[in-house]
Amino acid sequence: MDSCEVLARRKVDVAVVRPRVSDHVEQVCSKTLDLSRVIRLLEDPLTTNMQERHVFVLKKVLRRRQRGFLLRELASISRILEACAEKAKDHDEYSVVLCEALQICRLPFLKERLSDELIYAQDVKQFLSHMGYLMRVPDDQVRHQVVESVKSFYICCMAPGKHTHHGTVRPPKPKCRTLNSYNRLLLRPRPTSPGYRLQLLERSDLARTLFLSMAALEEQPAIKLLLLQTLQILSSSSDMNCALMLSARGAETICLHMNQHDPSGRILFHSSEILWNLLERGSKAEVAAQLSSVECAISLKEAFFDILLKGFRHADIQVRNDLLVLTTLFAENSSSLLVESLFAKQLIAISTFPELKSSNPWAGKLRLSCSTEDLQMKKLLLNLLLLMAKDSAAIQIFKEEQVMLALLTLIKPPPSAATGPSEVPPRSRHWSCVQQEELQLHALAVLATLAPLLLDHYMSCYGNVVLLHLLDWCSSQDAFFGHGHSFHAAGGRGSKKAHMRYCIRLMRSVTSLADKTLNQDLCDQGTIHLLLGLLMQMEASRGEEDAVTVEMKSDMQLIISALCEGEVHRKELFGCEGVEMVLHFLRRGSAMFYSGLGHNKLLLSTLVCMRFCIVGCDTTEDYFLSREGAKVLLDLLSSSPKCVHAVILAALLELCDNPDTVPHILAWRHGHSGRTAASLLLHVWRREEAELGVSRNPHGGIQDAKQSILGHRQLEDAELTSTPNAPSAAVLEVQENLLAKIYLIFCKMGLQDLPGLLVEDQVTLCIVSRYLDFKVGEVWDEIGRELSLEGVRPVTPDQETLHVARQAARRTAEAAAAEQEESLRREAVTASREEALAYEEMKSHWKQRQLTAKSWSHFVCRTSNYDTLKEMKAQRHKYAEMIRAHNQDVAPRPEELFISQLMVSEDSDAPGPAPIKMAKIPVMAAAHEEALVYECERRPLRNKVPVKD
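Cut-offs used in this document
- Residues numbered from 1 in each chain as written.
- Predicted model: local features only at pLDDT ≥ 70, side-chain atom pairs only at ≥ 80, totals over all residues.
- Heavy atoms only, no water.
- Helix = DSSP H or I, 4+ residues; strand = E, 2+ residues; numbered from the N terminus.
- Contact = heavy atoms within 4.5 Å.
- Areas by Shrake-Rupley, 256 points an atom, 1.4 Å probe, with all protein chains shown as cover.
- Phe/Tyr/Trp six-rings, centres within 6.5 Å; stacked < 30°, edge-to-face > 60°.
- Core = buried A, V, L, I, M, F, W, Y, C linked by side-chain atoms within 4.5 Å.
- Buried < 20%, exposed > 50% of the residue type's maximum accessible area, 1.4 Å probe, protein only.
- Patch = residues over 30% accessible without salt bridge, like charges linked within 9 Å, V, L, I, M, F, W, Y side chains within 5 Å.
- Salt bridge = Lys/Arg side-chain N within 4 Å of Asp/Glu carboxyl O.
- Lys, Arg positive; Asp, Glu negative; His and termini not counted.
- Charge placed at Lys NZ, Arg CZ, Asp CG, Glu CD.
- Axes fitted to C-alpha atoms, helices over the stretch in contact; angles between N-to-C directions.
- Parallel < 35°, antiparallel > 145°, perpendicular 65-115°, else oblique.
- Left-handed = near helix turned anticlockwise from the far one by under 90°.
- pLDDT = per-residue confidence, 0-100.
- 1 Å grid on protein atoms, 1.4 Å probe; cavity = no way out; pocket = protein on both sides within 12 Å on 5 of 7 lines; lining within 4 Å.
- Points joined across faces, edges and corners; volume = space filled by probe spheres on them.
- Nonpolar A, V, L, I, M, F, W, Y, C, P; charged D, E, K, R; others polar.

Draft legend 1. Inspection of the overall build of the chain at higher detail. Of the regular secondary structure elements, the chain holds 44 helices and six strands. Partitioning the contacts of the chain with sequence separation of at least 6, the portion at a separation of at least 24 is 76%. Accessible surface for the chain amounts to roughly 50400 Å². Of this, 55% is attributable to carbon and sulfur atoms.

Draft legend 2. Examining the packing of aromatic side chains more closely. This model, assessed by the stated rule, comprises ten aromatic pairs. Consider the rings of phenylalanine 109 and phenylalanine 153, whose centres lie 5.5 Å apart with planes at 45 degrees: the pair is tilted. Of this pair, phenylalanine 109 sits in the loop between α5 (93–105) and β1 (110–111) while phenylalanine 153 sits in helix α8 (residues 140–158); the two residues are 44 residues apart in sequence, bridging distant segments of the chain. With 5.5 Å between their ring centres and 45 degrees between their planes, tyrosine 743 and tyrosine 771 make a pair best called tilted.

Draft legend 3. Representation of the nonpolar core. Ranked by size, the top nonpolar core spans 234 residues in total, and within it Leu323, Phe398 and Phe574 carry the most contacts. Ranked by residue count, the leading element in this core is helix α18 (residues 314–340), at ten residues. The residues contacting phenylalanine 398, other than those within four sequence positions of it, are Ile348, Leu385, Met388, Ala389, Val403, Leu450 and Leu454.

Draft legend 4. Inspection of the side chain of serine 561 at higher detail. In this fold, serine 561 is placed in helix α29 (residues 547–564). Not counting the four nearest positions on each side in its chain, serine 561 is found in contact with Val608, Cys609, Phe612 and Cys613.

Draft legend 5. Here's a closer look at a negative patch on the surface. A cluster of acidic residues, Glu572, Asp618, Asp622 and Asp660, forms a negative patch at the surface. Tracing the chain through its elements places glutamate 572 in helix α30 (residues 568–587). With relative accessibility at 46%, the residue glutamate 572 sits in the partly exposed group.

Draft legend 6. Fine view of the side chain of glutamate 273. With respect to the element layout, glutamate 273 can be found in helix α15 (residues 267–281). If we skip the residues at most four places from it in the chain, glutamate 273 touches Gln232 and Asp322.

Draft legend 7. How the structure looks around the packing of helix α19 (residues 343–351) against helix α20 (residues 372–388). At a closest axis distance of 9 Å, the pairing of α19 and α20 adopts a crossing angle of 130 degrees. In terms of axis orientation, α19 runs oblique to α20. α19 and α20 meet at a crossing whose hand is left-handed. Where α19 approaches α20, its residues Ala344, Leu347, Ile348, Ile350 and Ser351 are matched on the opposing element by Lys378, Leu381, Leu384, Leu385 and Met388.

Draft legend 8. Structural context of a nonpolar patch on the surface. On the surface, Leu772, Val776, Trp780 and Ile783 cluster together to form a nonpolar patch covering roughly 320 Å² of accessible area. Among the structural elements, isoleucine 783 can be located in helix α41 (residues 771–790). Assessed through its relative accessible area of 35%, isoleucine 783 is described here as partly exposed.

Draft legend 9. Fine view of unusual backbone geometry. Backbone torsion omega between phenylalanine 353 and proline 354 reads 5 degrees, so that peptide bond is classified as cis. For proline 354, the location among the structural elements is in the loop between α19 and α20. Positive phi, close to 55 degrees, is recorded for tyrosine 462, a residue that is not glycine. Considering the arrangement of structural elements, one finds tyrosine 462 in the loop between α24 (455–460) and α25 (463–475). We classify tyrosine 462 as exposed; its relative accessible area is 59%.

Draft legend 10. Representation of α19 in the model. A large share of α19 lies buried, amounting to seven of its nine residues. Where α19 is concerned, the buried positions are Phe343, Ala344, Leu347, Ile348, Ala349, Ile350 and Ser351. Next to the buried residues of α19 lie α17 (294–310), α18, α20, α21 (392–400) and α22 (403–410).

Draft legend 11. Layout of the confidence of the model for the chain. Here the chain shows a mean pLDDT of 81. Residues at 70 or above account for 82%. Every residue in residues 1–33 scores below 50 in pLDDT, and together they form 19 contacts with partners more than four places removed in sequence or on other chains.

Draft legend 12. Local environment of empty space enclosed by the protein. Taken as a whole and judged by the stated rule, the model has five cavities of 30 Å³ or more. Approximately 70 Å³ is the volume found for the largest cavity. Elements that contribute at least two residues to the lining of the largest cavity include exactly α3 (51–63), α4 (74–88) and α5.

Draft legend 13. The packing of helix α14 (residues 250–257) against α15, seen in detail. Packing of α14 against α15 brings their axes to within 10 Å, and their N-to-C directions diverge by 160 degrees. In this view, α14 runs roughly antiparallel relative to α15, as classed from their interaxial angle. Of the two elements, α14 crosses α15, and the hand of that crossing is left-handed. Mapping the contact onto sequence places Gly250, Ala251, Ile254, Cys255 and His257 in α14 and Ile267, Ser271, Ile274, Leu275 and Leu278 in α15. Grouping the constituent residues of the contact of α14 with α15 by class yields seven nonpolar, three polar and no charged.

Draft legend 14. A look at the environment of alanine 805. Along the chain, alanine 805 falls in helix α42 (residues 796–864). Classification of alanine 805 as buried rests on a relative accessible area of 16%.

This is the structure:
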């Protein structure tokens, strides 16, 4: 009673001192004062036990806010709801108030000004977080209302147009456009935008709080189901909500609680959807880490097999496939836990169904149709085999469940059109043609990984026979049109190209193991000739090559290389046909090396095939050389990128063991430039030294005798590998660069009398000829450097030996430098002599031009002046008389004839070469005539008459 009086006095005091304002401001202030009074009423120790008064006042406050809460009131509303939640634990009356307040929380918040959204953003986040904290109230209705309010609030934010209630409908236009009505319309509170509400809901702690409250709903399955639906909605389109759930270990919690008793059968569905949302929108690594436990593996196993054997609805089948995807994620991170939980054994057994009959009890209950979902499950199971193959414990399960036999059964080619209906096995009608093609390609991809791990089972199941039978079907001309819808069928639509691609890839994976029994079995069945025929058939019919075709060619060459490596008899089987194939691809060169279609791999595989299938067998080597194979390699070396030079030089070096190779190399010339093989190899040497950072003078000679062939890169490697157990940098350098290979080729060719060398080539050849001495000195330097780094002093004899070795290497470098200087000096002398001869030739040409001009001047004078012409004619007659008189005094000599012309007679019909006729003229007559002309032109003209124009 006293407390009521005190409350009444307070109301009167406040009413007396309050100033008068306008109607709207007075209404707003009264609402603010009402909330502050309500908070004091709930929190004041004097009025804390007045439940009826509290409920009356709270209901009155809520009735005034049926259109939604104002943004500026949310802080006060949060305090009121918090106080009611504390009192609801002991008094159920407050639960009713909380439910009514939560009903209003479904509506959008109201703003009075545009700036309210920014000013009260923090209050909105705290209010939404307090909504989640109300889940601690033990009342079922309150918890139900909290979940429903959050669900409705979020749906309203996501799709505001679909939920048109009085809180979101735009206010109608005023009928009369008076100033007062327009002002009242502007001052009317309006709902906040959906994006604003959604953004603040995501930034609040509501999703995490609701998720943590799920542990308190074990005895309330209906509310728990509703909460899972709400969490599914929250995680379906918000990355921030997914991150909040994962911070509370949401993936692990959902996985461990999805097998609880559920009369409705919806908990598993919503749980899988939440996990899927967390996987798509959250951190995949964090989801995988939370699921990596034996308990999660057991939970996934129970859920999967329960829905596999009992679920027949379309939604159940989708949940089953979603659980398989989660299991795939689980297997990527911890496949060993699948084995420990016995989940792997059951999954492997299912993957062999229906190709093999299983003795497991669930086999009779399992029913698979040809639907898209069942096909998806089969492909997911095949993919799981790949992931579980990383664990050695799963390999034994593969053997027990006969996975290899099931996969080989699955990759068998479809029956031909000639096969009768009675000959078709029953299981071949289980899948459609499109589905069978997808499974066949998927099984081939899986076998490429599993066959090397299960090689004994592969051989016991006659894997080579099945594989060659499939390859023969791929190369046949049967009418088959690949649909090409799956991932593995890329590039094979309308043909068998995809099947051939994965068949060849599988053969490459098993032959790369170098198992003698397997390779011998393939060779006995004619694999080498079969692949050679396929290669040349594809090359002959090639139009515009794609990446799949180039990949198949490269793989086939690698398969043949693996079969012929180290076997002379198989190299003989490779024969002339194989040599022609190799030469064909080598002659194509490296023009398409950077095309992006795989021609770089094709070129490398061709070189590997040449080394393993041709070199080492006299028959193939001789035929390769007779077809100018060595010259083709040199052409390729001159035009290919640097990254291929190591393989080309290695092949050429191995081919040089045949003594017939060196003449072919020495006879090679490069196109129009005429560069020889020695010049080309020395050019490659200089380029390799430039990349290694070897210091050279401007003429290419040795600049530092201490570092004759040592580069900057090798010095850096020596500093990094200076530890005691590190390999020698000087020895590793021999394997990494091209210098050693070029030196060995020159040793085969010889280092003297090489044709076509320029002066820079001769300078480089001085270094090449002493490469081995330089390398020995480099090793001695490295030994001394390592001893000094380790603080070890050799004994005196060893120290002297080390010093002598270093001095010998330095003297060798100095001798090479001196020889290079001598070569440069000789070249300079030769150049000077050639320059002098060139100048003499230029002088002779200039003098000849002067004589020609003078002769022309005399000719013009003779032809332009008649008197001059008569004078010249008289002089000629005079000279002729003198010569005739002189000849009469001298005894006549027989005229000597010489052959001036050779003429071939074309009229002769006699066999053999045509007869030759010789035309002869007297030598003396020709000599006299020549002397006369020369004497006439040599004498100066007399009585010259100037020429008139």
